[in-house]
Amino acid sequence: AWTRMAAWLIAAVLLSPLAIVPASWGPTIAQTKNFAFLLLGGGVVIGLIRNLWVRAFAAWACLRYLLDGGPAWSLSAVAGILVWGLFHEQARRLTESGWARVRLGILVAALFQVGWVLLQLLQLDPIFRPVVPQSGPAAAFVPPVGWLGNPMDLALLLGLSLPVLTAVRPAWLGLSSAALTALVILLVLRTTGGALAVGLTLLWLVWGWWPSWALRISVLVAVLLVGAIYLRMWDPHVDARTLVWRQAAQMIGQRPVLGWGGNALDHRVFFLTPRTELRWNFLFNEWLQAWLEFGVLAPALALGYAEALARRLRHRDAVAGECLPAAAFVLLTSGFSIPFHIGPVALLAALMLGTLDRRLV
């Protein structure tokens, strides 16, 4: 593996002068440096990834980018997929003692966000200031969004952290941190994804108390049904989701095989909600967004990854530990949100899923 890496890196160094080729020389030559980056740097990353589904997804993203002519606006999307693959691979190589240290890091990060939300509630935020409009009354306080700038994003981050917090040792530290985080999620952020995370974590904690699989499945279905009803009746974006999904289906129908390219919603495809005249650069659904951007292979490979994990999970939920509710949370929220397009949430998901992959080997 090191020999292959060395060959790729030597080739990348030899071709690095292509980065100074001026754009005036023509688009084909100007984009050569981007091609070299993906073919060489991307080749190193793909060679390091051992999970075949993740490797295939990363390789397809790079190939799809090259087929599109190497647009600069799409490069960050492909680079993000390669970084996600690296995080997933490193999590697969962690020992359990190493994962215990990662748990503590996740706890510190979650408590930092919770503490900052409390500062914002008390109007003591020393960094982020309310926006003062040119006319009319000024904003009364900074909304409680932590450092992520959006309650949905923060709820996804804290919700994904919640099962991990319950597994931190000593138990009093983990459970008390989880309880405080859950209260902030439910009472302050009040988002669909956050409420789902609290429900799934509680379900996982009491799972062992119910020996009957029929009772377990019944309770799980009840939790999901309550979440679906909440999402349909009280979620503020439910109308926008319906409209955006219909538009997305139309655009996917025009290019179902190859898609429109990474980051296409910022550059090639534009969705507007007529009533509010807002433009959406995300689809409230990871599966639709992956299909629209990278074609039908993207959701197919993601589904293959999920199916492979589920097949190995049969009768091994005890081995999965806290990564099981985290994986369920990521899977369910992908149907109505974009966890893999929110940087901190995506990287945390890579750590969780990579650890789950290792435990099931």
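Residues numbered from 1 in each chain as written. Predicted model: local features only at pLDDT ≥ 70, side-chain atom pairs only at ≥ 80, totals over all residues. Heavy atoms only, no water.

Engineer: Outline the overall build of the protein, listing residues and values.
Structural biologist: The number of helices and strands found in the protein is 17 helices and two strands. The proportion of buried residues among the 361 residues of the protein is 45%. Sequence-distant contacts, at least 24 apart, represent 71% of the contacts inside the protein between residues at least 6 apart. Just so you have it, the protein exposes about 18300 Å², and 71% of that area is on carbon and sulfur atoms. (Helix = DSSP H or I, 4+ residues; strand = E, 2+ residues; numbered from the N terminus. Buried < 20%, exposed > 50% of the residue type's maximum accessible area, 1.4 Å probe, protein only. Contact = heavy atoms within 4.5 Å. Areas by Shrake-Rupley, 256 points an atom, 1.4 Å probe, with all protein chains shown as cover.)

Engineer: Can you lay out the packing of aromatic side chains for me, pointing to particular residues and giving the numbers?
Structural biologist: Applying the stated criterion to the full structure yields six aromatic pairs. With centroids separated by 5.6 Å and ring planes inclined at 35°, the aromatic side chains of Phe 112 and Trp 116 adopt a geometry described as tilted. Residue Phe 112 and its partner Trp 116 are located together in helix α6 (residues 96-121), separated by four residues, close to a single helical turn. Of the residues examined, Phe 112 reaches a relative accessible area of 39% and is grouped as partly exposed. The class of Trp 116 is buried, set by a relative accessible area of 11%. Seen from their ring centres, Phe 128 and Trp 147 are 5.4 Å apart, and the 90° between their planes marks the pair as edge-to-face. Linking Phe 128 in the loop between α6 and α7 (151-166) with Trp 147 in the loop between α6 and α7, this pair joins segments that are 19 residues apart in sequence. The exposure class assigned to Phe 128 is partly exposed, which follows from its relative accessible area of 31%. Since its relative accessible area comes to 41%, Trp 147 is described here as partly exposed. Through a chain of ring-to-ring contacts, the aromatic side chains of Phe 112, Trp 116, Phe 128 and Trp 147 assemble into a single cluster. Taking NZ or CZ as reference, Arg 255 lies 5.0 Å from the ring centre of Trp 260, over its face. (Phe/Tyr/Trp six-rings, centres within 6.5 Å; stacked < 30°, edge-to-face > 60°. Lys NZ or Arg CZ within 6 Å of the ring centre and 35° of its normal.)

Engineer: Provide a residue-level description of the pattern of salt bridges, including the pertinent values.
Structural biologist: Side-chain pairs of opposite charge can arise whenever the charged atoms involved come near each other. Taken as a whole, this structure holds 11 salt bridges when the rule is applied. Ionic pairing is found between Glu 96 and Arg 359, a salt bridge with its closest N-O pair at 3.0 Å. Placement of Glu 96 in helix α6 and of Arg 359 in helix α17 (residues 343-359) is noted, with a sequence separation of 263 residues between them. For Arg 359, a relative accessible area of 11% translates into the label buried. Close ionic contact of Glu 307 with Arg 311 constitutes a salt bridge, the shortest N to O distance being 3.1 Å. You can see Glu 307 and its partner Arg 311 sitting in helix α14 (residues 297-313), four residues apart, about one turn around the helix. (Salt bridge = Lys/Arg side-chain N within 4 Å of Asp/Glu carboxyl O.)

Engineer: Could you give an account of the side chain of Ser 74, naming the residues involved and the relevant values?
Structural biologist: In this structure, Ser 74 sits in helix α5 (residues 72-92). Looking at Ser 74, the relative accessible area reads 2%, which means it is buried. The residues contacting Ser 74, other than those within four sequence positions of it, are Tyr 65, Gly 261, Gly 262 and Asn 263.

Engineer: How would you summarise the packing of helix α16 (residues 323-333) against α17 if you had to cite specific residues and measurements?
Structural biologist: Following both chains from N to C, one finds α16 and α17 inclined at 130°, their axes separated by 9 Å at the closest point. In terms of orientation, α16 lies oblique with respect to α17. Like other packed secondary-structure pairs, α16 and α17 cross with a definite hand, here left-handed. Residues Cys 323, Ala 326, Ala 327 and Val 330 of α16 lie in contact with α17, whose contacting residues are Ala 349, Met 352, Leu 353, Thr 355, Leu 356 and Arg 359. (Axes fitted to C-alpha atoms, helices over the stretch in contact; angles between N-to-C directions. Parallel < 35°, antiparallel > 145°, perpendicular 65-115°, else oblique. Left-handed = near helix turned anticlockwise from the far one by under 90°.)

Engineer: Any details on the packing of α7 against helix α8 (residues 171-189)? Residues and values, ideally.
Structural biologist: It is the contact of α7 with α8, at a shortest axis distance of 9 Å, that shows an interaxial angle of 155°. On the basis of their axis angle, the class for α7 and α8 is roughly antiparallel. Taken as a pair, α7 and α8 cross one another with a handedness that is left-handed. Counted together, Pro 151, Leu 154, Ala 155, Leu 158, Gly 159, Leu 162, Leu 165 and Thr 166 of α7 and Gly 174, Leu 175, Ser 177, Ala 178, Thr 181, Ala 182, Ile 185 and Leu 189 of α8 form the full contact between these two elements. Residues of the contact of α7 with α8, tallied by class, amount to 11 nonpolar, five polar and no charged. (Nonpolar A, V, L, I, M, F, W, Y, C, P; charged D, E, K, R; others polar.)

Engineer: Any details on the environment of Val 117? Residues and values, ideally.
Structural biologist: The residue Val 117 is located in helix α6 in this model. Taking the relative accessible area as the measure of exposure, Val 117 reaches 0% and is therefore buried. Discounting residues that sit within four places of it in the chain, Val 117 has contacts with Pro 144, Val 145, Gly 146, Leu 154, Val 184 and Val 188.

Engineer: I'd like a description of unusual backbone geometry, backed by residues and values.
Structural biologist: Each neighbour pair has its own omega, and for Arg 169 with Pro 170 the value is 5°, a cis peptide bond. Along the polypeptide, Pro 170 turns up in the loop between α7 and α8. The backbone phi angle of Gln 123 is positive, close to 60°, even though this residue is not glycine. Of note, Gln 123 is situated in the loop between α6 and α7. The exposed category is assigned to Gln 123, whose relative accessible area is 56%. Positive phi outside glycine occurs at Phe 284, with the angle close to 55°. Position of Phe 284 among the secondary structure elements: in the loop between β2 (278-280) and α13 (286-294). Residue classification places Phe 284 among the buried positions, given a relative accessible area of 1%.

Remember that the coordinates give geometry; whether it matters functionally is a separate question.
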